[in-house]
Amino acid sequence: MRNQDHRFCVAPMMDWTDRHCRFFHRIMSKGARLYTEMVTADAVIHGDRARLMGFSAAERPLALQLGGSNPVKLAEAAAVGEAFGYDEINLNIGCPSSRVQEGRFGACLMAEPDLVAACVRAMGDRVRVPVTVKCRIGIDDQDSEADLSRFIATVADAGVTTFIVHARKAWLDGLSPKENREIPPLDYARVYRLKAARPDLKIVINGGIETLEAAAEHLAHVDGVMLGRAAYQTPYVLAGVDQAFFGVTSPPLARGEVLDQLVPYVHAHLVDGGRLNSVSRHILGLYHGQPRARQFRRHLSEHGVGEGPGLDVLVEAIALVEGRGCAIAADAMAAG
């Protein structure tokens, strides 16, 4: 499914959606569009690109999310992302953290639509993959539909045709990033009206969506949905995505089958010198609401941290919830 379909997306989340998380998510859904954590343009240009931007081809379709406000730097970073093989370059105009504001990027840029337009135009001139924007419905006192419409129109005129809209405004002064995900009220209707007013644009809705049933309801009004925390806290929700939205008729993988497919990846990661917890921290919610879920989480949390734990810890956790061993893991451990 190497396409530009945004029908179902998993949100970029700092400290969450790293390459291990994305590989885990991809096991459950082949069609969902995945996003990296936000990477600043300066980090792409000057940092360790392999560490910051490396990914497995199995993660695609995959978008690189960039942060910044300098058109020249963003264009350079976008070109690097395209060269790495990303299917989309997304510009973050939604993050409300004070650290991001000090760097003059994120949600504060909704107050500067002309600058955002200059950024995406420069990016679009450098790459052939789509350049998209993730934004809020407004910031602070800039809270009218006219403000949102003006922002969208200005940026669309610079070549962007896909907007991912978090259906909350952002308070840049007085609320933490966590509070900005919870306190400003959701206004899905405003995003619906934006789509109705701009049928020429692809509008993806984000914010507070927790179930596939809710996602389906939104798709009656917009072109796509983006799950955030629900995809991390209750990741097995992704197992039903391909059947619900991408026409797949085969049954979803069972939780144990998901882990069976993850084991070879974990083994390779450990052989390469990685830590078990780098991967296992992302799977703690896999059995949410299921029998023995607490034992599964506790075993990984207590025995899977630090430099020492090996594949046996994951195998033991699987046995706790599935009541069986893992032949794939046994073969991997026997082979060293």
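Placed above this text is the structure.
This structure is a prediction, so every number in the text was calculated from the model and none was measured. (Residues numbered from 1 in each chain as written. Predicted model: local features only at pLDDT ≥ 70, side-chain atom pairs only at ≥ 80, totals over all residues. Heavy atoms only, no water.)

**Student:** Explanation requested: the environment of Ile203 in the structure shown.
**Tutor:** Mapped onto the secondary structure, Ile203 falls in strand S8 (residues 202-206). The class of Ile203 is buried, set by a relative accessible area of 0%. Along the chain, Ile203 and Thr161 lie 42 residues apart, while their C-alpha atoms are 8.5 Å from each other. Excluding residues within four positions of it along the chain, Ile203 makes contact with Phe163, Val165, Val191, Leu194, Lys195, Val222, Asp223 and Gly224. (Helix = DSSP H or I, 4+ residues; strand = E, 2+ residues; numbered from the N terminus. Buried < 20%, exposed > 50% of the residue type's maximum accessible area, 1.4 Å probe, protein only. Contact = heavy atoms within 4.5 Å.)

**Student:** I'm lost on the packing of aromatic side chains in this one. Help?
**Tutor:** Aromatic rings considered in pairs are described by the distance between their centres and by the relative angle of their planes. Under the counting rule described, the total for this entry stands at five aromatic pairs. On the basis of an interplanar angle of 20° and a centroid distance of 5.7 Å, the ring pair of Phe8 and Phe245 is categorised as stacked. One end of the pair, Phe8, is in strand S1 (residues 8-10); the other, Phe245, is in helix H12 (residues 241-245), and 237 residues separate them in sequence. Judged by its relative accessible area of 0%, Phe8 falls in the buried class. Summarising the aromatic geometry, the rings of Phe23 and Tyr265 are spaced 4.0 Å apart at their centres and angled 15° between planes, so their arrangement reads as stacked. (Phe/Tyr/Trp six-rings, centres within 6.5 Å; stacked < 30°, edge-to-face > 60°.)

**Student:** So what exactly am I meant to see when it comes to the pattern of salt bridges here?
**Tutor:** Side-chain pairs of opposite charge can arise where the charged atoms are in close proximity. For the structure shown, the criterion picks out 12 salt bridges. Of the charged contacts in the structure, one is a salt bridge between Arg281 and Asp18, with a shortest N-O distance of 3.2 Å. Of this pair, Arg281 sits in the loop between helix H14 (276-280) and helix H15 (293-303) while Asp18 is found in the loop between S1 and helix H1 (19-28), placing the two residues 263 residues apart along the sequence. Residue classification places Arg281 among the partly exposed positions, given a relative accessible area of 28%. Arg33 is the partner of Glu88 in a salt bridge, and the nearest nitrogen-oxygen pair spans 2.7 Å. Of this pair, Glu88 sits in strand S5 (residues 88-93) while Arg33 sits in the loop between H1 and strand S2 (34-35), and the two are 55 residues apart along the sequence. Exposure class is identical for Glu88 and Arg33. Each is buried. (Salt bridge = Lys/Arg side-chain N within 4 Å of Asp/Glu carboxyl O.)

**Student:** Could you clarify how one ought to interpret the packing of helix H4 (residues 71-84) against helix H6 (residues 113-126) in this entry?
**Tutor:** Between H4 and H6, whose axes approach to 8 Å, the crossing angle comes to 35°. The handedness of the crossing between H4 and H6 comes out as right-handed. On H6, the residues that touch Pro71, Leu74, Ala75, Glu76, Ala78, Ala79 and Glu82 of H4 are Leu115, Ala118, Cys119, Ala122, Met123 and Arg126. Taken together, the residues that form the contact of H4 with H6 break down as 10 nonpolar, no polar and three charged. (Axes fitted to C-alpha atoms, helices over the stretch in contact; angles between N-to-C directions. Left-handed = near helix turned anticlockwise from the far one by under 90°. Nonpolar A, V, L, I, M, F, W, Y, C, P; charged D, E, K, R; others polar.)

**Student:** Help me out: how do you make sense of the side chain of Thr132 in this one?
**Tutor:** In this structure, Thr132 sits in strand S6 (residues 131-139). Judged by its relative accessible area of 1%, Thr132 is buried. Within the structure, Thr132 has its side chain in polar contact with the side chain of Asn90 (distance 2.8 Å). Apart from the residues lying within four places of it in its own chain, the contact partners of Thr132 are Glu88, Ile89, Asn90, Leu91, Val160 and Thr162. (Polar contact = N/O pair within 3.5 Å; in protein donor to acceptor, adjacent residues only side chain to side chain.)

**Student:** Just checking my understanding: could you explain the nonpolar core for this structure?
**Tutor:** Buried together is how nonpolar side chains tend to be arranged in soluble globular proteins. Of all hydrophobic cores here, the largest spans 106 residues; its most connected members are Phe8, Phe163 and Leu262. Not counting chain neighbours up to four residues away, the residues in contact with Leu262 comprise Phe23, Phe24, Ile27, Val279 and Ile283. (Core = buried A, V, L, I, M, F, W, Y, C linked by side-chain atoms within 4.5 Å.)

**Student:** Even after reading the chapter, I still don't get the environment of Met110, so can you show me in this structure?
**Tutor:** One can find Met110 in the loop between helix H5 (98-102) and H6. Setting aside residues up to four positions removed in sequence, Met110 forms contacts with Ile93, Cys135, Arg136, Ile137, Gly138, Ile139, Gln142, Leu148 and Phe151.

So, to be careful, I would describe these as geometric facts and stop short of saying anything about function.
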